[in-house]
Amino acid sequence: MDALRKLQHEFLGYLLDKSSVDIIERIESTTRRSGGQRMVLYSNAYILRLKEALSTDYERLHSYLGDELFDSLMEHYIEGYPSQHPSLRYFGQHMVEFLEQNDPFKSLPEVTEIARIEQAFANSFDAADCSYVSLEQLAELDHSSWATLTLRFHDAVQLLPQRYNSFQIWQALANEETPPQKTSDDTIWLIWRRQDLISNYRTLEDAELAALTLMISGGDFAEMCEVLLEHFDEQQTPMQAVSFMKQWIHDQMVCELNS
Amino acid sequence: MQPQWISDHLCWTGVNQTNSHDLTPLPYNEDTIAYVVDRVIQVQDYLGQRILLENLSSYVTYQSSMMTEWEFFNEIARRADCHILLDVNNIFVSAHNHQFDPIDYLNGIDVDRVMQFHLAGHSYNGEMIIDTHDHDVCDPVWSLYESALKRFGAVSNVIERDGDIPEFRQLRQELAIAEDIASRTLSADALKMNAYSKNNEYLELDYGRTA
């Protein structure tokens, strides 16, 4: 099927770059439209479809940049990242990388952070369902198994380090308010999704961040206590570790207890 | 999961892992028929049941096409022994864009292979029609639906809508139009049962090519 493959290459080549016009010679022209005019329908639809996917995935980024700059961003992105996944859901997955590498965005770090936030919410929404662990299940654990207790977190759980007040900017844009000026603000945000399908987010203090990072990477309860000794005294530490775990389970972040 | 029907469009969407996210037509010739038939048979052997192939709307005809779309479509269905999902709106759109008679299309499709109809709305782009699925079904498409019912009988039907989705009441009114046309066009006995769908169940159980 060399002829079919050649035709497909030429067709797709035209969609990716309108200066690749070999396909046009293979299209019948009629009184209604020429072959070239007919191919333009496909190339316009291609661009529109991909722009719609990016506009849907990066709604707040669009609001922050404004129509003109966002449109230019989309055009360059579409040119630079032909869709490699059969689902449009993943077309915009290289946006952070694109923003980090290209002018004028690479000198606007909050723009990258806003894109990261939007990706994190999409990932949270898409994460496969799981049955969450209950506090009763934690209470039923045998005391001897606590030291080696590990947790499996829901795929929706994500840590999002930010260097600027991008979350506040994102929140303002989501509420259709004027966003605040960009300021430095080193904060770690936690995003997760509860059973009601609503994504939640909150900031993390140093101690909880250290504990959660360790537990997400597969650490056990004893290791979590060791990490927390840097933040609390020996008496407080085990209670604080249990308190964090209860909070995560209560918030529906945990899918499995293993010991 | 054991779905009653599994369908896909008779088209291509990408090459070398790059996707157009569009349904683009194939050249209608013997080479493509052989190529597609082999693959439909592979899929059906894997699934253990016949699949439905659906016609698409198109805006181009290739110079390497040696036959009409319906000849191509019907021949693939015969040789692969698969079913057909006839998108009545897509026939209307392509008939307009390529200036053929949509009734010729209907008459070129084997009666016993059609398991489902699709209906949808479309938009005009100058003198071309684009399959946008964001309008109500228009009168000429309802009329073509009536012709399809006359030829293929009480085949199941889906009204598709991807954009500008109105209130449910309005959508329900479109279904009422489809029901009204079917009751005016078909006999009461024909309406009681979709004979071909029943047949499909039997055929699925019977489907068993040796690997």
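Thresholds applied
Residues numbered from 1 in each chain as written. Chains lettered and ligands numbered in written order. Predicted model: local features only at pLDDT ≥ 70, side-chain atom pairs only at ≥ 80, totals over all residues. Heavy atoms only, no water. Helix = DSSP H or I, 4+ residues; strand = E, 2+ residues; numbered from the N terminus. Rg over C-alpha atoms; globule rule 2.2 N^0.38 Å. Buried < 20%, exposed > 50% of the residue type's maximum accessible area, 1.4 Å probe, protein only. Contact = heavy atoms within 4.5 Å. Areas by Shrake-Rupley, 256 points an atom, 1.4 Å probe, with all protein chains shown as cover. Lys, Arg positive; Asp, Glu negative; His and termini not counted. Charge placed at Lys NZ, Arg CZ, Asp CG, Glu CD. Domains from an automatic or database assignment. Buried area = accessible area lost by both parts, 1.4 Å probe. Salt bridge = Lys/Arg side-chain N within 4 Å of Asp/Glu carboxyl O. Polar contact = N/O pair within 3.5 Å; in protein donor to acceptor, adjacent residues only side chain to side chain. Axes fitted to C-alpha atoms, helices over the stretch in contact; angles between N-to-C directions. Left-handed = near helix turned anticlockwise from the far one by under 90°. Nonpolar A, V, L, I, M, F, W, Y, C, P; charged D, E, K, R; others polar. Pairing = 2+ DSSP bridges.

Engineer: What am I meant to see in the overall build of chain B here?
Structural biologist: Within chain B one finds 8 helices and 9 strands. For 211 residues, the compact-globule formula gives about 17 Å, and the C-alpha radius of gyration of chain B, at 17 Å, lands near that figure. Judged by the C-alpha coordinates and their principal axes, chain B covers about 50 × 45 × 30 Å. Out of the 211 residues belonging to chain B, those deemed buried represent 51%. Residue pairs in contact within chain B that sit at least 24 positions apart in sequence constitute 78% of those at least 6 positions apart. Accessible area for chain B stands at about 10100 Å²; split by element, carbon and sulfur atoms hold 50% of it. Counting 14 positive and 33 negative side-chain charges, chain B places the centres of these two groups 7 Å from one another.

Engineer: I tried to follow the domain arrangement of chain A on my own but got confused; where do I start?
Structural biologist: It is common to give the size of an interface as the accessible area that goes away when the parts come together. Residues and elements named next belong to chain A. In terms of domain boundaries, chain A breaks down into domain 1 (1–94) and domain 2 (108–259). Between the C-alpha centres of domain 1 and domain 2 there is a distance of 39 Å. Taken together, the 11 residues of domain 1 in the interface contact 14 residues of domain 2. Interface area for domain 1 against domain 2, summed over the two sides, is near 1100 Å², with a carbon-plus-sulfur share of 58%. The three residues of domain 1 that bury the most area against domain 2 are Arg60, Tyr64 and Arg89, which together make up 59% of that side's buried surface. Where domain 1 meets domain 2, there are 1 salt bridge. As a salt-bridge pair, aspartate 126 and arginine 89 come within 2.1 Å of each other at their nearest N and O atoms.

Engineer: Could you clarify how one ought to interpret the interface of chain B and chain A in this entry?
Structural biologist: Facing the 33 residues of chain B at the interface are 33 residues of chain A. Between chain B and chain A, a total of about 3000 Å² is buried, with carbon and sulfur atoms accounting for 59% of that surface. At the junction of chain B and chain A, the tally comes to 2 salt bridges. Where arginine 49 of chain A meets aspartate 22 of chain B, a salt bridge forms, and the shortest distance between an N and an O atom there is 3.3 Å. Summed over the shared surface of chain B and chain A, the number is 16 residue pairs in polar contact (both at pLDDT 80 or more). Secondary-structure elements contributing two or more residues to the side of chain B that touches chain A are β2 (12–15), β3 (18–24), α1 (30–47), α3 (88–98) and β8 (128–130) of chain B.

Engineer: Just checking my understanding: could you explain the packing of helix α1 (residues 2–16) of chain A against helix α2 (residues 35–57) of chain A for this structure?
Structural biologist: The axes of two packed helices give the description: the angle between them and the distance between them. All names here are of chain A. Remark: α1 packs on α2, axes separated minimally by 9 Å, with the N-to-C direction vectors making an angle of 65°. Regarding α1 and α2, the two cross each other, and that crossing is right-handed. Between α1 and α2, the residues in contact are Phe11, Tyr14, Leu15 and Leu16 and Gly36, Met39, Val40, Tyr42, Ser43 and Tyr46, respectively. Taken together, the residues that form the contact of α1 with α2 break down as 8 nonpolar, 2 polar and no charged.

Engineer: Got a minute to help me understand the sheet that holds strand β4 (residues 52–54) of chain B in this structure?
Structural biologist: Residue and element names in this part refer to chain B. Strands sit in the order β1-β4-β5-β6-β9 across an open sheet of 5 strands; the sheet is parallel. Where the open sheet ends on each side, the last strands, each with one partner, are β1 (7–9) and β9 (156–159). The sheet shows a mean angle of 25° between the axes of neighbouring strands, direction not considered. Inspection of the sheet shows strand β6 (residues 114–119) paired to β9 by 4 bridges, in the parallel sense. Note that in β9 the partner of phenylalanine 117 across the bridge is asparagine 157. Helix α5 (residues 139–152) rests against β5 (83–87), β6 and β9 of the sheet, and its axis sits at about 170° to β6.

Engineer: Teacher, can you tell me more about the environment of phenylalanine 117 of chain B here?
Structural biologist: Residue and element names in this part refer to chain B. Position of phenylalanine 117 relative to the elements: it lies in strand β6. Overall, the relative accessible area of 0% leaves phenylalanine 117 in the buried class. Between the C-alpha atoms of phenylalanine 117 and phenylalanine 152, which are 35 residues apart in sequence, the distance is 9.7 Å. Each residue touching phenylalanine 117, except ones within four places of it in the same chain, is listed here: Leu85, Leu86, Val88, Tyr145, Ala148, Leu149, Phe152, Gly153, Val155, Ser156, Asn157 and Val158.

Engineer: Just checking my understanding: could you explain helix α9 (residues 206–216) of chain A for this structure?
Structural biologist: What sets the pattern is the α-helix's 3.6 residues per turn: residues three or four places apart point alike. Residue and element names in this part refer to chain A. All buried positions along α9 are accounted for by Ala207, Glu208, Leu209, Ala211, Leu212 and Met215. Next to the buried residues of α9 lie β1 (150–153), β2 (158–164), β3 (184–193), β4 (199–204), α10 (221–228) and α11 (236–250). One or two residues past the end of α9 sits glycine 218, with phi positive at roughly 100°.

Engineer: Would you mind going over the side chain of arginine 50 of chain B with me for this structure?
Structural biologist: All names here are of chain B. Note that arginine 50 resides in the loop between α1 and β4. According to the relative accessible area criterion, arginine 50 is buried, its value standing at 10%. Polar side-chain contacts of arginine 50 include one of 2.7 Å to the side chain of aspartate 81.

Engineer: It is not clear to me how the environment of proline 25 of chain B should be interpreted in this structure. Could you clarify?
Structural biologist: Relative to the assigned elements, proline 25 of chain B resides in the loop between β3 and α1. Under the relative-accessibility criterion, proline 25 of chain B is labelled buried at 2%. Proline 25 of chain B sits 149 residues away from glutamate 174 of chain B along the chain, and the two C-alpha atoms are 29 Å apart. Setting aside residues up to four positions removed in sequence, proline 25 of chain B forms contacts with Tyr42 of chain A together with Trp12, Leu56, Ser58, Val60 and Tyr62 of chain B.

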